[in-house]
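Spelled out, the chains give:
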Amino acid sequence: MSDVLTWLGGAGGVGAVAKAIFDIVKARSDARKVNADSAAVLVQTAAESNKDLGEDLREVRTELREVRATQRRHDDVLRVHHRWDEQVVDQLRQLGGSIADPPPLYLPEVP
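Conventions adopted
Residues numbered from 1 in each chain as written. Predicted model: local features only at pLDDT ≥ 70, side-chain atom pairs only at ≥ 80, totals over all residues. Heavy atoms only, no water. Helix = DSSP H or I, 4+ residues; strand = E, 2+ residues; numbered from the N terminus. Buried < 20%, exposed > 50% of the residue type's maximum accessible area, 1.4 Å probe, protein only. Areas by Shrake-Rupley, 256 points an atom, 1.4 Å probe, with all protein chains shown as cover. Patch = residues over 30% accessible without salt bridge, like charges linked within 9 Å, V, L, I, M, F, W, Y side chains within 5 Å. Salt bridge = Lys/Arg side-chain N within 4 Å of Asp/Glu carboxyl O. Contact = heavy atoms within 4.5 Å.

Assigned secondary structure in the chain consists of two helices and zero strands. Looking at the chain as a whole, 5% of its 111 residues qualify as buried. Of the roughly 9,800 Å² of accessible surface on the chain, 62% is carried by carbon and sulfur atoms.

See below:
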């Protein structure tokens, strides 16, 4: 026990030891606060990023709807044109002409 008291006395007394313990506890507390602050920054950054991604996703969905609507209109025009092509080929054949079938306007469907 006297060794401990001597050590305490050599280290500046009990007050110095208490201060050292306080500093260690405070450092751990500060580290927790830094970790909590870091976590809060990460959460805020993730929320902002999520908001930006949500806006981007809405824009992409809107654009995709527009592209699909345009594609449907083009499909309608191509269908009508293909029927017309077939009618012209039939008329030419009825008049004695020799003509190949019209080329397809669509790629073959892949199962």
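What follows concerns a nonpolar patch on the surface. Where nonpolar side chains cluster on the molecular surface, the patch consists of W84, V88, L92, L95 and I99 and spans about 480 Å² of accessible area. Looking at the element boundaries, I99 is found in the segment after α2 (13-94).

Judged by relative accessible area, I99 falls into the partly exposed class, the value being 33%. Separated by eleven residues in the primary sequence, I99 and V88 have C-alpha atoms spaced 9.9 Å apart. Contacts of I99, omitting those with residues within four sequence positions, involve V89, L92 and R93.

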